[in-house]
Each structure stands twice: as structure tokens, then as C-alpha cells.
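Coordinate analysis (summary)
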Amino acid sequence: MSQFAELTLEGKTYQLPVLEGTEGEKAIDINKLRDLTGYITLDSGYKNTGATKSAITFLDGELGILHYRGYPIEELAEKSTFLEVAYLLIYGDLPNKEEFFDFENNIKRRTMVNEDIHKIYDGFPVNAHPMGVMSALASALAVFYPGSISAHPKKDYDVVDLQIKRLLAKMPTLAAWAYKNSQGHPVNYPKNKYSYIENFLYMMFAVPAEDYEQVPEVVDALDKLLILHADHEQNCSTSTVRLVGSSHVSLYSAVSAGISSLWGPLHGGANQEVIEMLERIKDDGGNVDKYVAKAKDKNDDFRLMGFGHRVYKNFDPRAKIIKKACDNVLSKLGVHDPMLDIAKKLEEAALTDDYFVERKLYPNVDFYSGIIYRALGIPTNMFTVMFALGRLPGWIAQWKEMREEDQPIGRPRQIYTGAVNRAYVPMEQR
Ligand code: SDX
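It should be emphasised that the depicted structure is a prediction, and the values quoted were computed from it without experimental measurement.

Observations regarding the packing of aromatic side chains
- In the structure shown here, the tally under the stated rule is 17 aromatic pairs.
- The interplanar angle of 90° and the centroid separation of 5.1 Å between the aromatic rings of Phe307 and Phe367 together place this pair among those described as edge-to-face. A residue pair is termed long-range when its members are at least 10 positions apart, and Phe307 in the loop between helix 13 (288-296) and helix 14 (317-333) and Phe367 in helix 17 (residues 365-375) qualify at 60 residues.
- With relative accessibility at 10%, the residue Phe307 sits in the buried group.
- Owing to a relative accessible area of 1%, Phe367 belongs among the buried residues under this scheme.

As for the side chain of Asp161
- Relative to the assigned elements, Asp161 resides in helix 7 (residues 157-183).
- Here the side chain of Asp161 touches Lys165 through a polar contact of 2.5 Å, side chain to side chain.

Quick notes on the domain arrangement of the protein chain
- You can read the domains of the protein chain as domain 1 (4-50) and domain 2 (72-409).
- With centres defined by C-alpha atoms, the gap from domain 1 to domain 2 works out at 35 Å.

Digging into the side chain of Arg166
- By secondary structure assignment, the location of Arg166 is in helix 7.
- Discounting residues that sit within four places of it in the chain, Arg166 has contacts with Arg110, Tyr145 and Tyr252.

Here's the deal with the pattern of salt bridges
- What the rule picks out here adds up to 14 salt bridges.
- Of the charged contacts, one joins Asp283 and Lys282 as a salt bridge, the two residues approaching to 4.0 Å between their closest N and O atoms.
- Residue Asp300 pairs with Lys294 through a salt bridge whose shortest N-O separation is 2.7 Å.
- Taken together, the shared-partner salt bridges in this structure form one network comprising Glu279, Asp337 and Arg374.

What to know about the site of the ligand
- In the vicinity of the ligand, 25 residues are found, and the nearest of them are His232, Arg303, His309, Arg310 and Arg318.
- Note that a nitrogen atom of the ligand is positioned 2.8 Å from one of the backbone N or O atoms of Leu304.
- Here Arg359 contributes a side-chain N or O atom positioned 3.1 Å from an oxygen atom of the ligand.
- Considering the ligand on its own, with 1100 Å² of exposed area, one finds that the protein chains cover 79% of that surface.

What counts and what doesn't
- Residues numbered from 1 in each chain as written.
- Predicted model: local features only at pLDDT ≥ 70, side-chain atom pairs only at ≥ 80, totals over all residues.
- Heavy atoms only, no water.
- Phe/Tyr/Trp six-rings, centres within 6.5 Å; stacked < 30°, edge-to-face > 60°.
- Helix = DSSP H or I, 4+ residues; strand = E, 2+ residues; numbered from the N terminus.
- Buried < 20%, exposed > 50% of the residue type's maximum accessible area, 1.4 Å probe, protein only.
- Polar contact = N/O pair within 3.5 Å; in protein donor to acceptor, adjacent residues only side chain to side chain.
- Domains from an automatic or database assignment.
- Contact = heavy atoms within 4.5 Å.
- Salt bridge = Lys/Arg side-chain N within 4 Å of Asp/Glu carboxyl O.
- Near = heavy atom within 4 Å.
- Areas by Shrake-Rupley, 256 points an atom, 1.4 Å probe, with all protein chains shown as cover.

Structure below.
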């Protein structure tokens, strides 16, 4: 493969270095483009632009491949646990027994949050969307644990590692408390006898009047769902965490920005939108063809939520695993959810329709996940919070890689298209 790409501008030819990743992805390195040519590139939505090299996650949109640190997502979803995958993403390798024991117990000891944080919940309206609450509370961690705003993951290893473990430990507590507050229920404090997932489910669903019993099928299903959401290379919210983190704010603040970005209906917010869309179709007599037609109609702003993806132009491998888990979990729990039937009919109708086939629009990770969350008893407005809990280790790993490499502050260029050279005119003369 040629080491250079040639670019001819205004009669002059330039050579730009070409690089290839370990999975064969190729890029033209334009780091020196403006110095050499005076030109910049323009790429709205960064559809063709790589923001960084990264050794964390690889995905191939054409082949529907997703690997975390080289391990296929299918294997990790089947054989690993969410906390083990979090360790893999953040530290680069699967832990041995001692490493995992230390990691898990260090996190267990940090699941409590400062009681003054608990008071913050009282300031939110009862119908506050939990994603807004979570973004605010993640940011609050930066002021409750102030001593480390620009700590460096190598030079200040212990400080940053404590931040990492505090975030992994406290986010499930903050999320469960957001739910309990929205229900007007007393919160549950974490219990260290439980595993990471069991603790979250206990804090979410235990009520004082009854003893709480863990349901293994629910624990396993949630563990698998969080694994499937753990990282996804340079998606919108991860790019947000990297960009905000590049100004050397604390990891807590960068994650708070990531939560806000994930909330968007085009991104993580889609899982809530999917269920609301399926409910709308069910209430409208289950006429999926009508909604497929609406999704195709350029004059109708209706979109098939949970369909399409910037990178996957084939089936999202996570959607395949979740769809299979859907049948399995619902039958194990003895739940029949008419939404699943509608979702399958909608998928079938869309995948045989030229509009979707031509645009390579397939179900993405959000299309079926909400159906499992419902079966687990998780309310719709908490679905994107579940996505955030799953994506947290990915955000942490990506922020850590960006800071370890001392990458520069992110500051894109632009092409100005506004007014030129206007002289100020006093107001009375306008
Ligand atoms: C996530 O990036 C990641 O990795 C994200 C994620 C992760 O793990 O972090 O995978 C998680 O965010 C998954 C995506 C969840 N969002 C949705 O399900 C919302 C519905 N999907 C779309 O809004 C859309 O598909 C996006 C936002 C996901 C991708 O948008 P793109 O890449 O900018 O593509 P586009 O909007 O330019 O669409 C291309 C064409 C357009 O039609 P034409 O202009 O060519 O005629 O496809 C059409 C779009 O109108 N289209 C859809 C559609 N998605 C795209 N038409 C109907 N229904 C849809 N869902």
C-alpha cells in the first residue's frame, strides 16, 4: 500500500501520509494539511473524519463486527460479566482472580454517596427526567471530590484510579436513587453482600415492606445488556467525553457531558423513543405498514426509532444478541409483551422494503433493548439511564486513553460564510 496520498491544489502537488490500523482501516493523515496548503477539510457530522487512533474498540459496519480490546462482543456477552468487561476496557486486559477481586472490592467500598448529594434530589421536580438528574449529579461529583480537576492518568495514577472506581461505584447508586425519588419512595442504601448488578437491582426495586429476592434471570439479562452497551468507539457521547475532557476538566465533568449527549433521541435516547413508538403503533391498531410508510415519507418527520446507524450498514451485532435474549428472558420470566410481536412485525416489514434496504437501515442496539428493560421492571424513562450505566466504562476508557496520550485540546476549524467588513452605524441612523 502506498505510504502517501497525492493532493494537487492550484497546480501544486502535495504528499500526505497514509496510515493503516491493525484491522486494516486506512486513513489519510491531514495533521499538516493547513500548514502545507492553507486549506482545511469540511465534513459535517464527521462522517469521514477520524478524530483519533484508539486501541479500545473496533467495529466494522459493513460486516457487523464489534470487538472490545480484540475480544468479539458475542464471546464477552456469553462468557464474561459487566464488571470484568469494564476492567478489560479501562485497563486493556482481562483481569486475573486477584486483580478482579481487588477491583470489585474497591468498587464495593465506594458505592455510598455523600449525604449532601442526597439533598440535591429534593431540588428536582418529581417528574424530572432521570437523565437530567444523572448529568447534574455526575457533575456534582466533581465538586464533592474536588482535589483532582486536571489529574493525569499516568502522572497522578492513584488520584485518577480513585476517580474511576468512585464513578463506577456511585453511578448505580445515583441512578437508583433518581428512580426512587421519582416514585416518592425511600431510597435503598447499597449492600456489599450483593454483586454489582444485584446491588443496582436491590437499590432500584427493594421496598421496606418486603424482603428483596434476587431473580438470577434478571441479574443475568441486565449484566448482558450492560456488556453490550459498554463501548462503541467514537460515537456522539464518547466523542463528547473526549472533547470536553481534552480541556483537562475532571473525569466526572467529562462524563456528565457524555450523559447529556447520550440523552438525545438520535443517540441513547432512542431506546425510550422505540417503546413510545411501539406503544403508539399498538394504540393505533398495530398497523405497522402505516408507520413504515410514515417513516419513508419525506414530508413526515416520523422516523423508525431504533433503526439505522451511522456505522453499521449491516445488522448491529448487539441487536442480534438482544433480539435473541428478548425471547429467552421473556419466556424465563413468563412475560408476554405485545410490543415484542409489534417490534418483530415492524422489523420484518422494514427489512423487506426497498427504502430501508437501499439505505441499509437495520435494527440497532436500541430497537429491542427496551423490551427487555420492560420485562425486568425498569420504567421507560430509565432506559437511557441504563444505557449510560452500560457506557460508563467505555467513556472512562476513552477519556483515559485521550489523556494518557496527552492529546491536544479539541478545537475544530470552520469555513466562515457570514457578512464581510461591515462598518458600525449608530442606532439612530439604522
Ligand atoms: C445509537 O454511533 C454510535 O455508535 C451510536 C450507538 C452507540 O452504541 O453509541 O450505536 C447508539 O445512538 C444508535 C442509534 C439510535 N438512534 C436511532 O435509532 C434514531 C433513528 N435513527 C436515525 O435517526 C439515524 O439512523 C441515525 C441518527 C442513527 C444515523 O443517522 P445518519 O448516519 O446521520 O444517517 P441519516 O440521518 O443521514 O440517514 C440516511 C438516510 C436518510 O434518508 P435520505 O436523506 O438518504 O433520503 O436514511 C434515512 C434518512 O432519512 N433514515 C431513516 C432512519 N434513519 C435514517 N429513515 C427512517 N427511519 C430511520 N430510523
